[in-house]
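So you can see what is in the structure, the chains are spelled out below.
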Amino acid sequence: MNVRRLIPTAALASATVLGLTALTACSTSAADDKDGKLDVVASFYPMQYLAEQIGGDHVSVSTLTEPGQEPHDLDVSARQRGELEESDVALYLKGLQPAVDDAIDQSGIKTKVDAASLTSMEKHGNEVGGHAEEHEEEGHDGHDHSHEGADPHIWLDPVKYAEVAEGVGKALEKADPDNAKTYEKNTAKLVKKLGGLDKSFKDGLKDTKSKTFITTHAAFGYLAERYGLTEEAISGLDPEAEPSAKRVKDLQKMAKADGVTTVFYETLVSDKTAKTLAKDAGLKTDVLDPIEGITDDSKGDDYIQVMESNLKALQKALGTK
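A brief structural summary. Note that the structure is predicted; figures quoted are calculated from it, not measured.

**As for helix 7 (residues 180-205)**
Count 3.6 residues to each turn of an α-helix, and residues three or four apart come out pointing the same way.
Link 1 in the chain: End to end, helix 7 covers 37 Å across 26 residues, agreeing with the expected 38 Å (1.5 Å per residue, within 8%).
Link 2 in the chain: Turning to helix 7, its buried residues number three or more, namely A180, Y183, N186, T187, L190, L194, L197, D198, F201, G204 and L205.

**Some details on the sheet that holds strand 2 (residues 59-63)**
Link 1 in the chain: A sheet is described by the order of its strands in space; here 4 strands give the open sequence 2-1-3-4, paired in parallel fashion. Looking at which strands have only one partner, the edges of the open sheet turn out to be strand 2 and strand 4 (111-114). Sheet twist, expressed as the mean angle between neighbouring strand axes with direction ignored, is 20°.
Link 2 in the chain: With 4 bridges connecting them, strand 3 (residues 89-92) and strand 4 associate as parallel partners. Looking at the pairing, A90 lines up with K112 of strand 4.
Link 3 in the chain: Contacts from helix 4 (residues 98-106) reach strand 3 and strand 4, with the element oriented near 155° to strand 3.

**Some words on the packing of aromatic side chains**
Link 1 in the chain: For the structure on display, the rule yields 6 aromatic pairs.
Link 2 in the chain: Aromatic ring contacts, followed pair by pair, group Y45, Y49, Y161 and Y303 into a single cluster.

**Some details on the pairing of strand 7 (residues 230-233)**
Link 1 in the chain: Neither face of strand 7 is open: one carries T230 and E232, the other E231 and A233, and all of them are buried.
Link 2 in the chain: Note that strand 5 (residues 127-128) and strand 7 share 2 bridges and pair antiparallel. From the neighbouring strand, V128 faces strand 7, where its bridge partner is E231.
Link 3 in the chain: Sheet analysis places strand 6 (residues 212-215) next to strand 7, joined by 4 bridges and oriented parallel. Looking at strand 7, one finds that T212 is bridged to T230.
Link 4 in the chain: The parallel pair strand 6 and strand 7 is bridged by helix 8 (residues 221-226), and the resulting crossover is right-handed.

**Here we look at the side chain of Q80**
Link 1 in the chain: With respect to the element layout, Q80 can be found in helix 3 (residues 78-86).
Link 2 in the chain: For Q80, a relative accessible area of 6% puts it in the buried group.

Conventions we followed
Residues numbered from 1 in each chain as written. Predicted model: local features only at pLDDT ≥ 70, side-chain atom pairs only at ≥ 80, totals over all residues. Heavy atoms only, no water. Helix = DSSP H or I, 4+ residues; strand = E, 2+ residues; numbered from the N terminus. Expected span 1.5 Å × (residues − 1). Buried < 20%, exposed > 50% of the residue type's maximum accessible area, 1.4 Å probe, protein only. Pairing = 2+ DSSP bridges. Axes fitted to C-alpha atoms, helices over the stretch in contact; angles between N-to-C directions. Contact = heavy atoms within 4.5 Å. Phe/Tyr/Trp six-rings, centres within 6.5 Å; stacked < 30°, edge-to-face > 60°. Right-handed = clockwise from strand over helix to strand, strands pointing away.

So this is what it looks like as structure tokens:
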């Protein structure tokens, strides 16, 4: 993945305004052909989950990223390009998978929904959280009205994910007006569920002994900022990148100073670096899942269950008082 994190900036313009510009759709129902269902192609699991939860029985959902496949460097095959052309809706997150961005841009698909345009995006560095002074140094109001180069991991913040869900719901309503009421109802149900998840994280992480956690992959910047934590990433946004010797040494010092107990790794990439750092620093290891796909190794069957497992892992590592 080519994206690299910088220091966080303030949010973009409101999700509602952006959401209206993110959608292109035909005025008549797109679900009138084939089996009567709206054919939706999702770029990877978090987009697939939204389509399935909101679309329900009225959509047929396929995904470009298979379970267990690392999504960042996905190549879109000729077969998948053909499937895109035959679909009614493409749901993706621009900036996460360059090959998917290109394939969707070049396709003739009628409704293209970019999740990155449905909420505010920020630029993050290897360390995320507690950087108010650095925000101010960015200039005037810190706003960046482009999500180019921004951290794409918005789905790991339940609040941002709910904003995306609302935009996806509106897109499906427009693409398939015959079933608009169902999409509206399902969207409201999902947003309520995500609101409950947000409350669980807020309550569960407000009173911990430590506020700093180490991960291999810098996927949890939005989550860290939402709940008053600091994420220290070994490898930045690219899960396959090798950290410098200086970065590893700095993390060892930081872990000791901030009372860090655990180095988190994920299921879809090697845990070698995390376990080496943990061993050298006398720390434990555990899984913090960025939920880029659901596999047999996932601690849950869907997004909500895996996020609840992530919360428990963070509580254990940070020490609830």
